[in-house]
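Inside the fold
Chain by chain, the residues run as shown.
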Amino acid sequence: MKKLNIVKVGGNIIEKEEDLQSFLDAFAALPEPKILVHGGGKLASQLAERLAIPVNMVNGRRITDAETVEVITMVYGGKVNKSIVAGLQARNCNAIGFSGADGNTILSVKRPVKEIDFGFVGDVVAVDSEMIDKLLSIGITPAFCAITHDGNGQLFNTNADTIACELARGLSANYEVTLNYCFEKNGVLLDINDDTSVVKDIDSAKYAEFLEEKIIADGMLPKMENCFYALKGGVQQVRLGKPEMLHHKDANFTTLRL
């Protein structure tokens, strides 16, 4: 099977222009086929504050009311997505910007209300891997923002890590998929304050051990859950680290396998 790289880039890289340009250099240099997934939560919060729209977060997750949907659509699907696509075109990477509504590529349902009503937040239920495969086969690089839809006209704020994971699972039947999570750290760290304390390889047994010892905690927990969910769904490997891992094999980063 052909190799496919799916790369999710974190918000801290997106909001710093120098870091973003460096990331785009690394991503554009990857051989095709490839897919980019991005968020932009901090930039969305900044615009909301300028518009005097309250930003409500619970356990690091955004409460998305009707006004906030408008803000994230402007930021994720507009400013951030089109800037990234333009940057990739400048690097001879022929990209098209997507939300899950475009081409009906990613369907979601509204997250059920339990202890908290997150509002217009979507949980992914289907990925149209056939449509995406057609784009990849003609040399198009899809760049997905963190928005999906329900098929009835409603847009949803959707976790970008989850979108990347679901795309990777959906396309793993036709490709040998490597899922890459690029962020500001070197990977999974034994000591959160020591960026050199990278755990280079983690399998299911070591993951269980780290959970028990609480080495993996807080914001890294949902990311790691996505990683192993992807691996169990047929993804070949998952890598976490700084963008240098995309083109430097000797870079410090974490590789996850079952």
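How each quantity is defined
- Residues numbered from 1 in each chain as written.
- Predicted model: local features only at pLDDT ≥ 70, side-chain atom pairs only at ≥ 80, totals over all residues.
- Heavy atoms only, no water.
- 1 Å grid on protein atoms, 1.4 Å probe; cavity = no way out; pocket = protein on both sides within 12 Å on 5 of 7 lines; lining within 4 Å.
- Points joined across faces, edges and corners; volume = space filled by probe spheres on them.
- Helix = DSSP H or I, 4+ residues; strand = E, 2+ residues; numbered from the N terminus.
- Nonpolar A, V, L, I, M, F, W, Y, C, P; charged D, E, K, R; others polar.
- UniProt positions renumbered as here; feature names shortened; annotations may be inferred.
- Pairing = 2+ DSSP bridges.
- Contact = heavy atoms within 4.5 Å.
- Axes fitted to C-alpha atoms, helices over the stretch in contact; angles between N-to-C directions.
- Buried < 20%, exposed > 50% of the residue type's maximum accessible area, 1.4 Å probe, protein only.

Moving on: the layout of surface pockets. With a probe scaled to a water molecule rolled over the atoms, the places where space remains empty come into view. A volume near 1,500 Å³ is recorded for the largest pocket. Lining the largest pocket we find 47 residues, and of these Gly60, Asn159, Asp161, Gly219 and Lys223 sit closest to its centre. Secondary-structure elements contributing two or more residues to the lining of the largest pocket are α1 (11-14), α3 (41-50), β4 (61-62), β7 (122-127), α6 (160-171) and α8 (220-232). The leading source of residues in the lining of the largest pocket is α8, at six residues. When its residues are assigned to classes, the lining of the largest pocket shows 17 nonpolar, 16 polar and 14 charged. Lining the second largest pocket are 18 residues; nearest its centre among them are Lys3, Asn5, Thr178, Gln237 and Arg239. Per-element accounting of the lining of the second largest pocket gives the leading share, three residues, to strand β1 (residues 2-9). Among the residues forming the lining of the second largest pocket, the class breakdown is seven nonpolar, six polar and five charged.

Taking the numbering used here, the UniProt-annotated feature "site: Transition state stabilizer" (unreviewed entry) corresponds to Lys8 and Lys223. Separation in sequence by 216 residues is not matched in space for these annotated residues, since their most distant C-alpha atoms are only 11.3 Å apart. Checked against the lining of the largest pocket, the annotated residues reduce to Lys8 and Lys223. Along the chain, Lys8 turns up in strand β1.

Spatial strand order, β5-β8-β2-β1-β11-β13-β14-β12: eight strands in an open sheet with mixed pairing. Among the strands making up the open sheet, the edge pair consists of β5 (95-98) and β12 (201-202). This element, α6, spans β1, β2 (34-38), β8 (141-144) and β11 (175-182) of the sheet and lies at about 170° to β11.

Note that the residue after Glu32, namely Pro33, is joined by a cis bond; omega there is 0°. Residue Ala52 is not a glycine yet carries a positive backbone phi of 60°. Summarising the element assignment, Ala52 is placed in the loop between α3 and β3 (57-58). Positive phi, normally seen in glycine, also occurs at Lys214, with a value near 60°. With respect to the helices and strands, Lys214 occurs in the loop between α7 (204-212) and α8. A relative accessible area of 65% places Lys214 in the exposed class.

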